[in-house]
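# Analysis of the macromolecular model
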Amino acid sequence: MIGVVYLGNNQQTQERLKYIPGQLVRMTTSYKEAAQICTPHVSNEHFLVFYERNVRNEDITAITYLRKKCRNVYIVLMTDTMTEEDRNIYLKCGINDTIHLEASVTELNKKIQFISDREGILFSNEAPWRGILKFKIPVWKRLFDIIVASLAIILLSPVFILTAIAIRMESKGPILFKSKRVGTNYAIFDFLKFRSMYVDAEHQLKKLSKERNQYKEQETEEPKSTITAPLGDQAEMAMMNMGMESDMMIGDEEIMLVGDDFVVAESDFNKQKEDEINNAFVKIEDDPRVTKVGKFIRKFSIDELPQLFNILKGDMSIVGNRPLPLYEAEKLTADSSIDRFMAPAGLTGLWQVEERGRGGAMSAEERKQLDITYGQTYSFLLDMKIILRTFTAFKQKGNV
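Residues numbered from 1 in each chain as written. Predicted model: local features only at pLDDT ≥ 70, side-chain atom pairs only at ≥ 80, totals over all residues. Heavy atoms only, no water.

### What to know about the sheet that holds strand S3 (residues 47–52)
Note: strands within a sheet are paired through backbone hydrogen bonds, in either parallel or antiparallel orientation. With respect to topology, five strands assemble into an open sheet ordered S2-S1-S3-S4-S5, the strand pairing being parallel. Unpaired on one side and paired on the other, strand S2 (25–28) and strand S5 (97–100) mark the two borders of the sheet. Within this sheet the neighbouring strands show an average axis-to-axis angle of 25°, counted without direction. In this structure, strand S4 (residues 73–79) lies alongside S5, joined through four bridges in parallel fashion. What sits directly across from Leu77, in S5, is Thr98. Where helix H3 (residues 56–69) meets the sheet, it contacts strand S1 (3–7), S3 and S4, and its direction lies at approximately 170° from that of S3. (Pairing = 2+ DSSP bridges. Helix = DSSP H or I, 4+ residues; strand = E, 2+ residues; numbered from the N terminus. Axes fitted to C-alpha atoms, helices over the stretch in contact; angles between N-to-C directions. Contact = heavy atoms within 4.5 Å.)

Next up, the structure:
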């Protein structure tokens, strides 16, 4: 476990960090004191610094000082919004990552665990301080993508025009739909599709995903909290006096995790996390949000054609793993899932041809394993086989 330091003066953030399970977070408001804390006593000692964003010039001075004095730190900037200019400046002076200023105890704990699990990579002596192993697309694959995508756009230009006219005639709204997707190396980009739904479709997703999600194996239960209301001052003081600020013991084994407004058994917390990963993917059966034109272009995969421009930009490849929406990708950061993002993101792929060949009947776990398999075994020959199978499977056999 790496050491964790908070550099800032936000009392609410300090309170949340106190409740990180099994983790003592050292607090300071001085960057020079933070540098002293992060001075290692042994050669393999590493630190994570949560740095609360303040005045930019002061931040640059502090982060640069930390980076100069401590080569064994991973700096996470706590902020709400950032301009592109600010992003570039903070990256240049030495931050490694960002997290929202009002991140919950669970989110903060996930960040700590994610970095701790990859300590050997992030703090490797053979890599620069901001370096992390990344997937790089082979030259042969990139050249193939550019040639094929360019030819396809030219040849399919009449289809582009007719589809755009049909969408505009049926319903109001933009012809193209843009959504943020997570692709190779967890990179986020604007994913293009022909609009196949009504304009308020995204607002209906939460309700529909509970009722009709094909991938949902079981209803995720709420944590069975011992205390459901916020902790009162007297209860909080009693726990502190008993030496139980971050956890409590029930009997000899059960650990209770204390958050801002809940107390939950560690076993229930872990079960909920596992359920979230198992039910990360969302696909709605007989989706009522889809337009008539949308049903047709989805059935023949015409809605996917604008992604040819994503391929030209380098966001995607012709063959690879499907880029995921943010709400799906954020649930796939465990070690058992991360390999799917260390591979090309693609227009078509192994699980697409397998799934459509089975009428859309595939579990989330099967889909994830096919993604991982492709990332570990892809080759020019495998890509050609998938492309040939795509031409025979492009017409969906189910209303999915």
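### Some remarks on the side chain of Asp303
Its place among the elements puts Asp303 in the loop between helix H12 (292–299) and helix H13 (307–313). Judged by relative accessible area, which is 3%, Asp303 ranks as buried. Once residues within four sequence positions are removed from consideration, Asp303 is found in contact with Lys193, Phe194, Ile297 and Arg298. (Buried < 20%, exposed > 50% of the residue type's maximum accessible area, 1.4 Å probe, protein only.)

### Observations concerning the packing of H3 against helix H4 (residues 84–93)
At a minimum axis separation of 9 Å, H3 and H4 run at an interaxial angle of 25°. The pairing of H3 with H4 is recorded here as roughly parallel in orientation. Across the interface between the two elements, Arg56, Asp59, Ile60, Ile63, Thr64 and Arg67 from H3 touch Glu85, Asp86, Ile89, Tyr90 and Cys93 from H4. Taken together, the residues that form the contact of H3 with H4 break down as five nonpolar, one polar and five charged. (Parallel < 35°, antiparallel > 145°, perpendicular 65-115°, else oblique. Nonpolar A, V, L, I, M, F, W, Y, C, P; charged D, E, K, R; others polar.)

### Some thoughts on the pairing of S1
Most of S1 is tucked away: four of the five residues are buried. Across five bridges, S1 lies against S3 in parallel orientation. Counted as the bridge partner of Val4 is Leu48 from S3. Here S1 pairs with S2 via four bridges, running parallel. In the sheet register, Val4 faces S2, and the bridge partner there is Val25.

### Quick look at helix H8 (residues 157–170)
Across its 14 residues, H8 extends 20 Å between first and last C-alpha, which sits within 8% of the 20 Å expected from 1.5 Å per residue. If you check which residues of H8 are buried, you get Phe160, Thr163, Ala164 and Ile167. All buried residues of H8 lie within an arc of 100° about the axis, which places them on one face of the element. Along H8, exposed side chains directed more than 90 degrees from the buried face belong to Ile161, Leu162 and Met169. Taken together, the buried residues of H8 touch strand S7 (188–194), H12 and H13. (Expected span 1.5 Å × (residues − 1). Arc of directions from axis to C-beta.)

### Focus: the sheet that holds S7
The strand order across the open sheet built from three strands is S7-S6-S13, with neighbouring strands paired in antiparallel fashion. The sheet is open, and its two borders are formed by S7 and strand S13 (324–325), each paired with just one other strand. Pairing analysis gives two bridges linking strand S6 (residues 176–182) to S13, with the strands arranged antiparallel. Considered in S13, the bridge of Arg181 is made with Pro325.

### A look at the confidence of the model for the chain
As a general rule, the predicted coordinates of low-pLDDT regions are not to be interpreted in detail. The pLDDT averaged across the chain works out to 76; a share of 68% of its residues lies at or above 70. Here residues 126–132 is modelled with pLDDT under 50, and outside its nearest four sequence neighbours on either side it reaches 14 contacts, counting other chains as well. Segment residues 218–254: pLDDT under 50, and 57 contacts once partners within four positions in sequence are set aside and those in other chains are kept. (pLDDT = per-residue confidence, 0-100.)

### A word on the pattern of salt bridges
Counted under the stated rule, the structure contains twelve salt bridges. The closest approach of N and O atoms between Arg56 and Glu85, which form a salt bridge, is 3.8 Å. Of this pair, Arg56 sits in helix H3 while Glu85 sits in helix H4, placing them 29 residues apart in sequence. Its relative accessible area of 51% is what places Glu85 among the exposed residues. (Salt bridge = Lys/Arg side-chain N within 4 Å of Asp/Glu carboxyl O.)

### Here's the deal with the nonpolar core
Counting 27 residues, the largest nonpolar core has Phe194, Leu308 and Ile318 as its most contacted members. Counting residues per element, this core draws most heavily on helix H7 (residues 139–155), at four residues. Other than its neighbours up to four places away in sequence, Leu308 contacts Ala149, Ala152, Ile153, Phe160, Ile318 and Leu347. (Core = buried A, V, L, I, M, F, W, Y, C linked by side-chain atoms within 4.5 Å.)

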